[in-house]
Amino acid sequence: MAVHPTAIIHPSVQIAEGAEIGPYAIIEEQVIIGKGTSIGPHAVIGKWTELGENNQIYHMASVGVAPQDLKYRGEECWTRIGNGNTIREFATVHRGTVTGISETVLGNNNLLMAYSHVAHDCRVGSGNVMANAATLAGHVTVEDNIILGGLVAVHQFVHIGSYAMLGGGTLAGSDVPPYMIASFGDRREAKLRGLNLIGLKRRGFSDEVIRNLKNAYKILFMSDLKQVDAIAKIKAEIVGCAEVDTLLNFIEKSERGICRG
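A brief report on the enclosed structure follows.

Brief notes about helix H4 (residues 242-253)
Moving on, step 1. Here H4 spans 16 Å end to end across 12 residues, near enough to the 16 Å set by a 1.5 Å rise per residue.
Moving on, step 2. The set of residues buried in H4 consists of Val244, Leu247, Leu248, Phe250 and Ile251. The buried residues of H4 occupy one face: seen down the axis, they fall within an arc of 155°.
Moving on, step 3. Packed against the buried residues of H4 are strand S24 (159-160), strand S27 (180-184), helix H2 (207-221) and helix H3 (227-237).

Written as structure tokens, this is what we have:
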């Protein structure tokens, strides 16, 4: 454990062996820092924050501080971050609220680039990339292996499905299904542009799975069928493909509605 003498650390903080705390870092009470995690110079770790192992928090980042929610009154709510995450300079992650799920959660191996923001009560999975100044409003769910381009803004309560990609500058006010790529159209609002083909191939999806997803996409978004009829048609014609089942389940459970092309 290496702690710089200028760091300000509350006595209640638990620091595992192998962790590093840089110059002028501020770590508030009831914080847990896992093995191999590095806190950079001038970073702030707010109270009620749990950091797993081998995370890198760069200088000037702010993790676990109070949410930007006028209803918040200082209640005990947490920020829980898994392992292997990289949170770059000036990125911000805020704790949860009692009017939400009382915690903000990041999984493993996420990259939050400079100036990106994760607001209160968000759930972010694993393997995601948030490019510079990408922003999640409160209560957003981001699944796994998703890329959010620079300056993407995601509205409260929106759900982004696994393996999706949002192009830079896109405003996402509706749910983005898994495996899809979306970019801005009129007024910068997200519009589907098809499957995230390059991403799926890089992740090792088989040609058969990609073909099934293409067929499902055409039926859902390029036919004249109503959504309920399109889903019924896909279920009848594409059987035994877990990825298509995941896509349909996502759409059927959407509360904000699905963005379209």
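So much for the structure itself; the text now carries on.
Description of the pattern of salt bridges
Moving on, step 1. Counted by the stated rule, this structure contains 8 salt bridges.
Moving on, step 2. A salt bridge links glutamate 50 to arginine 80; the nearest nitrogen and oxygen atoms lie 3.0 Å apart. Taken together, the positions of glutamate 50 in strand S9 (residues 49-51) and arginine 80 in strand S12 (residues 78-81) put the pair 30 residues apart, joining distant regions of the chain.
Moving on, step 3. Residue glutamate 50 is classed as partly exposed on the basis of its relative accessible area of 30%.
Moving on, step 4. Among the ionic pairs, arginine 80 bridges to glutamate 103, the shortest N-O distance being 2.8 Å. Remark: glutamate 103 occurs in strand S15 (residues 103-106) and arginine 80 occurs in strand S12; sequence separation between them is 23 residues.
Moving on, step 5. Classification of glutamate 103 as buried rests on a relative accessible area of 17%.
Moving on, step 6. Three or more residues are tied together by salt bridges with common partners; here these are Glu50, Arg80, Glu103 and Arg123.

As for unusual backbone geometry
As a rule of thumb, non-glycine residues mostly have phi less than zero, and peptide bonds are mostly trans rather than cis.
Moving on, step 1. The backbone of histidine 42 sits at a positive phi, close to 65°, despite the residue not being glycine.
Moving on, step 2. Considering the arrangement of structural elements, one finds histidine 42 in the loop between strand S7 (38-39) and strand S8 (44-45).
Moving on, step 3. Its identity as a non-glycine residue notwithstanding, histidine 139 has a phi of 65°, on the positive side.
Moving on, step 4. Summarising the element assignment, histidine 139 is placed in the loop between strand S20 (135-136) and strand S21 (141-142).

What counts as what
- Here the residue numbering is sequential within each chain, running from 1 through the sequence in written order.
- Owing to the predicted nature of the model, reporting of local features is limited to residues with pLDDT of at least 70; listing and counting of side-chain atom pairs is limited to 80 or more, with chain, interface and lining totals taken over all residues.
- Only hydrogens and water are set aside; all other atoms, that is, all heavy atoms of the structure, feed into the side-chain values.
- What counts as a helix is a DSSP run of H or I of at least four residues, what counts as a strand is a run of E of at least two, and both are numbered from the N terminus.
- Here, expected helix span is obtained from the residue count minus one, scaled by 1.5 Å.
- Burial classes: relative accessible area under 20% of the type maximum marks a residue as buried, over 50% as exposed, and values in between as partly exposed (1.4 Å probe, protein chains only).
- Regarding the arc, it is the one traced by the directions from the helix axis to the C-beta atoms.
- Residues count as neighbours in contact if any of their non-hydrogen atoms are within 4.5 Å of one another.
- Take a side-chain nitrogen of Lys or Arg and a carboxyl oxygen of Asp or Glu: if they are within 4 Å of each other, that pair is a salt bridge.

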